[in-house]
Structure formats: C-alpha cells, structure tokens
Amino acid sequence: MTSTEINPTEHNPTAAGSGRNATAAFAAKERASGPVDHARVSAIATDAIAALHEVVRRHQVTYAEYDALKAWLISVGETGEWPLFLDVWVEHVVEEVANADRKGAVGTIEGPYYIPGAPEFASEATLPMREDEKGTPLLFQGTVTDLDGKPVDGALVELWHADDDGYYSQFAPGIPEWNLRGQIRVGADGHFAFHTIQPAPYQIPTDGSCGKLIAAAGWHPWRPAHLHLKVSAPGKQLVTTQLYFDGGEWVDNDVAQAVKPELILRPTPAASGEGNEVTYDFALDPA
Ligand code: DHB
Ligand code: FE
C-alpha cells in the first residue's frame, strides 16, 4: 500500500456519487451550439468507427470480449462516469489540438470538477476552507500579463483544487459547498495572491466502471497533486490549466497524462514561516 492510498469509508466519495455529480455539472455547462456540419460529423464518426474495427482485427477480439465491452459501456453511463472516463483518457489530446498555436501560458485538461461562480475576491484571498482544514499552507501568487509582459487590468484568476484527502467540494460528500474554490479579479498591477493548502494526489474512484477498467488492465488510478486554474481577461484567450508539485508522487506517471514540464511548481518555505510559497505568472494570448 502506498502512503496516499485511500481506505474506503462511508465518508469517501463513491464512483456513482462523484459520477452523478460530474454528469450533473457537465449537463449544466454552457456549450457551443450551431448548425450541424454533416461532412465533419461523417468524417470524424467514420474514422472513429474504423479505428475500432482496426483494434478488433489487430487483437482478434472475441465475442466474450465484445460482450464485456458492451456491459462495461452500459455501466459507465448508468453510474454517470462518462465525464470521469473522458477527462482522464481522452481530454488531454483534445487540449493539445485546441491550444497548439498558443504562445503564452501553457494549458492542460479541465477535468470534471470545475464549477463556475465560486466566491470572488480582489487581488489577495484566502480560499474558503474549514476551520480545521488539513494540509500544508500554501501561498500561491503571480501576475497576469499580455504576451509582452504588460500587466492585464481586470483579469480573472479562478482556482479550485482537492483537499488533503484528494477530494473536491461539491463532488465528494460532507465538504462545504465552496471549499477550496475561489476567484480573484486582479487590479491594474495584474497581481493575485491565494492563501490555501497544498492538495493531495487524486485517486479515480476505484469502486466504479473506471476503477473496473483500471483493475482489469492492471493500471494505477492516480493523478499527482494539482491546482486547477482558469485565467481570463477581456480581449484575451482564456487558459485552463493545472499546476503540479516538483517531486510529488505520480508527477511522472499521471493516469490522465496531463502533466507538462512548464506546469511544475517548485515551492519554497514561506517568508511568513507558515508552509510554502510559490510564484507563477500567466501571459495571456490575444483573443
Ligand atoms: C479527473 C479528476 C481530476 O481531478 C482531474 O483533474 C482530471 C480528471 C477524473 O476523475 O476524470
Ligand atoms: Fe483535478
């Protein structure tokens, strides 16, 4: 057992619980809509289906395996785990394609646990947290600029992350609604500072469909500890990203393959004497 392995208790989130909440959050999300591009749907669907055919032939997939796949796909939907599955095993490539031309701050996957509308603060904030919130205190600060390094007035920095047990508010039971979620509207100097705690590594719930796949394949269910961010400003491209901790467990072996070298923080002991501090700046591409 590793030090970060979680023993199931009644307080732990279940796959069905996290999945249900993640599916509801996705359903509430504003999504692009417009006329259907039939040629593009046909091209993508044809190639996706052909890719599956190729896998069946290459591995000589049997009827027993085909039935196991059917049963598994049905169960992913029933437990609401599609957001968890897709964001772990597919989103990182979509992000790579979407942001290939970006020159400024590096992005990575959003994951299933973003909720818009977190409590808003000006320039310096302590994230909402429980009185006895566990974890090493962390001062996370930086500046939002344009590509020339000029501070961007009125940028919005949204931060959300797991707690010291690796759980997210609004997706695991028993955590206050906006725990470890907040946003800062920066002033003319572009500077922001969040007082929070360092999150723990995140484990994909092992008791559901994603967990079944991981167990059957003999993989591991871990993501390294990470901060989630969305940084935006009028006239600039929004960047969705995550920041990781140098030397942290699973940084070199993320199940979601979302770590990039530019996204690794190297915190140092805080000047205040309490916990750690780290500075990370965001340069935003023009919209
Ligand atoms: C998943 C969870 C995360 O916290 C994350 O950042 C990415 C993916 C998931 O369970 O799918
Ligand atoms: Fe996450």
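Along each chain, numbering runs from 1 in the same order as the chain's sequence is written. Written order determines the labels here, with chains lettered from A and ligands numbered from 1. Side-chain atom pairs in this predicted model are given and counted only at pLDDT of 80 or more, local residue features only at pLDDT of at least 70, and totals for whole chains, interfaces and linings cover all residues. Excluding hydrogens and water, the side-chain values take into account all heavy atoms of the structure.

Draft legend 1. A look at the overall build of the protein chain. For the purposes of this entry, the term helix denotes a DSSP run of H or I that reaches at least four residues, the term strand denotes a run of E that reaches at least two, and both are numbered from the N terminus. A tally of regular secondary structure across the protein chain gives six helices and 14 strands. On C-alpha atoms alone, the protein chain measures out to a radius of gyration of 20 Å, which is about the 19 Å that the 2.2 N^0.38 rule sets for 287 residues. If one aligns the C-alpha atoms of the protein chain with their principal axes, the spans along those axes are about 60 × 50 × 35 Å. A burial count over the protein chain gives 44% of its 287 residues as buried. Put simply, 74% of the contacts in the protein chain that link residues at least 6 apart link residues at least 24 apart. Note that accessible areas follow from Shrake-Rupley with a 1.4 Å probe, and for residues the cover is restricted to the protein chains shown. Summing over all exposed atoms, the protein chain offers an accessible surface of approximately 15,400 Å²; the carbon and sulfur share of this is 56%. Positive charge is attributed to Lys and Arg, negative charge to Asp and Glu, and no charge count is given to His or to the chain ends. Charge positions are represented by NZ for Lys, CZ for Arg, CG for Asp and CD for Glu. Once the 20 positive and 40 negative side-chain charges of the protein chain are each reduced to a mean point, those two points are 7 Å apart. For a compact globule the rule gives 2.2 Å times the number of residues to the power 0.38, and the radius of gyration it is set against comes from C-alpha atoms. Only protein chains enter the accessibility calculation, which uses a 1.4 Å probe. A residue is then buried if its area is under 20% of the maximum for its type, exposed if over 50%, and partly exposed in between. Contact between two residues is taken to exist if any of their heavy atoms lie within 4.5 Å; hydrogens are not considered.

Draft legend 2. Here's a closer look at the site of ligand 1. In the neighbourhood of ligand 1, the contacting residues comprise Leu84, Val88, Ile109, Gly111, Pro112, Tyr113, Tyr168, Tyr202, Arg223, His226, His228 and Gln242. A 3.5 Å cut-off defines polar contacts: any pair of N or O atoms within that distance qualifies, except that in protein one atom must be a possible hydrogen donor and the other a possible acceptor, and neighbouring residues in sequence count only when both atoms are side-chain atoms. Within the side chain of Tyr168, an N or O atom sits 3.0 Å from an oxygen atom of ligand 1. The contact in question runs from an oxygen atom of ligand 1 to an N or O atom on the side chain of His226, over 3.1 Å. Calculation on ligand 1 without its partners gives an accessible area of 290 Å², and the protein chains cover 100% of this total. Taken together, the elements giving at least two residues each to the shell around ligand 1 come down to α4 (82-89) and β9 (226-232). Polarity classes work like this: nonpolar for Ala, Val, Leu, Ile, Met, Phe, Trp, Tyr, Cys and Pro, charged for Asp, Glu, Lys and Arg, and polar for all others, with Gly in that last group. Taken together, the residues of the shell around ligand 1 break down into seven nonpolar, four polar and one charged. Throughout, near means a residue has at least one heavy atom within 4 Å of the molecule or strand.

Draft legend 3. Molecular detail of a nonpolar patch on the surface. The patches described consist of residues with a relative accessible area above 30% and no salt bridge, like charges being joined within 9 Å and nonpolar side chains (Val, Leu, Ile, Met, Phe, Trp, Tyr) within 5 Å. Salt bridge, as used here, is a side-chain nitrogen of Lys or Arg placed within 4 Å of a carboxyl oxygen of Asp or Glu. On the surface, Val56, Val61, Tyr63, Tyr66, Leu69, Leu73, Trp82, Leu86, Val90 and Val94 cluster together to form a nonpolar patch covering roughly 880 Å² of accessible area. It is helix α3 (residues 63-78) that provides the largest number of residues to the nonpolar patch, a total of four residues. Along the chain, Trp82 falls in helix α4.

Draft legend 4. Structural detail: the packing of α3 against helix α6 (residues 209-217). Whenever a helix is involved, its axis is fitted only over the stretch in contact; in every case the axis is a line through C-alpha atoms, and angles between N-to-C directions fall within 0 to 180 degrees. Following both chains from N to C, one finds α3 and α6 inclined at 145 degrees, their axes separated by 9 Å at the closest point. Of the residues in α6, those touching α3 at Trp72, Ser75 and Val76 are Ser209, Lys212 and Leu213. Here the contact of α3 with α6 is composed, by residue class, of three nonpolar, two polar and one charged.

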